[in-house]
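Notes for the structure review
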Amino acid sequence: MKIALAVNPRASFGRGPQAGRDAADCFRAAGAEVVLLCEDSYEALARAVDKSLADGVDALVVAGGDGMVHLGVNALAGSGAPYGATPLGIIPSGTGNDVARTLGLPRHDTDAAAARVLAGLGSGGRLIDAGRISSGGRTHWFAGVVSAGFDAAVNERANAWRRPRGQARYNLAMLRELATFRAIEYTVTADGERWEQGAMLISVANGQSIGGGMKVAPDAALDDGFLDLFIVTPLSRARFLAVFPKVFSGRHVDHPAVQLRRVRRVELEARGVVAYADGERIGPLPLVIDVVPAAVRVLA
C-alpha cells in the first residue's frame, strides 16, 4: 500500500507539519509506504501531488484545512481526470475544516483521522459529488462551498492580514467589512431560469458550512446530485448582524431574507465581486457552477 501524503506547512499556523508527520507514522505503523509531500507554496505542492499521482499511489491523503481538500479535489475530481480512481483521505488540521465537518471526520485528532483513512482503504470509502466552476477559461473543482458576496469579501480582507491568527482574524475582518458593505446587484441563472437579484451574499453549496462551522446550507448533502443555492436578500446592517449569528446553528433558514433552493447549474454575474471556493480565491465573476455526481472517492 502506497500513500501520497500532502501537507500544508501553513495549516492552522503551524499545526499542519506535525499533523502530517504524525499521520505518516500511523500509516507506516500499519504497513504503508508513505511519500511525504511538503512544499513552500500551494502551487509547488500541487505539482508535487500531480507527480506522485502520475508515479502511482493507492491513495492521496491531505493534511490541513479546506484549502488542502480543495487541492486534493482539483487533482482527482471528475471521471475525465487521469487519476479519478484514486481515493482522497483527509487529516483535518486547518482552521475551518468545513469539508471534514460535513463528512463527520475527527478534527484535530490525527490518530483518529488516520484510522478513518485506513478503514476507508479497507472498505473502499464513499463517493461524493464535486462542484465544477468555469471561470475565465479555466475549470476549478470544489468540495464545499463557493462564496460570492459578503462572505467572500470577508475572506479577501482577512487574507490580506497577517494578524490576528485563526478564527479571530476572520471575525475581525467580518466586522470591518460590514462597516462599508453594500448589497450587490447580481444576475442569476439557475437551471435555465434567469433573474436580477439584489443580495448581501450568494453562495453555492455542495457541503454544509463555511468559515469554521457557519451552516449556510444545513441540509446540503455531499452525494445527492444537487447544489444548494443560498441567497441573503438586502438587509440593514443591524438586521444583518441579528441574522448572521444564527448561521452557526442553522436557524437562519426561516428568516424571510434567506432563500435556499436545490439546483444543478448556476451562473452568477456581478460587477466587482470576487468568488472563493473552499476558502480559496477563484477570481472575479462571472462564473458558471455545476455539480458532477460521484466525482471523488473519499476515505471517510
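**What to know about the packing of helix α2 (residues 42-55) against helix α3 (residues 66-76)**
Across the interface, α2 lies against α3 with an axial gap of 10 Å and an inter-helix angle of 40°. In terms of orientation, α2 and α3 fall into the oblique class. As for how α2 packs across α3, the hand of that crossing is right-handed. Residues Y42, L45, A46, V49, D50 and L53 of α2 lie in contact with α3, whose contacting residues are G67, M68, H70, L71, A75 and L76. Per-class residue counts for the contact of α2 with α3 are nine nonpolar, two polar and one charged.

**Here we look at the nonpolar core**
If you look at the biggest cluster of nonpolar residues, it comprises 54 residues, and the most contacted ones within it are F150, L229, F240, L268 and L285. Ranked by the residues each element gives to this core, the list is headed by strand β11 (residues 227-232), at five residues. Beyond its immediate sequence surroundings of up to four residues, L285 is in contact with A148, Y186, L268, E269, A270, V273 and A275. Judged by nonpolar contacts, the second largest core, of 32 residues, contains L60, L71, A143 and A295.

**Notes on the packing of aromatic side chains**
In this structure the tally under the stated criterion is two aromatic pairs. Ring plane angle 80° and centroid distance 5.1 Å describe the contact between F150 and F181, whose orientation is recorded as edge-to-face. Taken together, the residues F150 in helix α6 (residues 150-159) and F181 in the loop between α7 (167-178) and β8 (184-190) connect sequence positions 31 residues apart. When the ring of F150 is compared with that of F240, the centres are 5.0 Å apart and the planes differ by 85°; the resulting orientation is edge-to-face.

**Points about the side chain of N206**
Along the chain, N206 turns up in the loop between β10 (201-205) and β11. Relative accessible area serves as the criterion here: at 0%, N206 is assigned to the buried category. Here the side chain of N206 touches D129 through a polar contact of 3.1 Å, landing on its backbone oxygen. Only 2.8 Å separates the side chain of N206 from the backbone oxygen of A143, close enough to count as a polar contact. When residues no more than four places from it in sequence are discounted, the contact partners of N206 are D129, A130, F142, A143, G144, A220, A221, L222, F226 and L227.

Reading the values: the criteria
Residues numbered from 1 in each chain as written. Predicted model: local features only at pLDDT ≥ 70, side-chain atom pairs only at ≥ 80, totals over all residues. Heavy atoms only, no water. Axes fitted to C-alpha atoms, helices over the stretch in contact; angles between N-to-C directions. Helix = DSSP H or I, 4+ residues; strand = E, 2+ residues; numbered from the N terminus. Parallel < 35°, antiparallel > 145°, perpendicular 65-115°, else oblique. Left-handed = near helix turned anticlockwise from the far one by under 90°. Contact = heavy atoms within 4.5 Å. Nonpolar A, V, L, I, M, F, W, Y, C, P; charged D, E, K, R; others polar. Core = buried A, V, L, I, M, F, W, Y, C linked by side-chain atoms within 4.5 Å. Buried < 20%, exposed > 50% of the residue type's maximum accessible area, 1.4 Å probe, protein only. Phe/Tyr/Trp six-rings, centres within 6.5 Å; stacked < 30°, edge-to-face > 60°. Polar contact = N/O pair within 3.5 Å; in protein donor to acceptor, adjacent residues only side chain to side chain.

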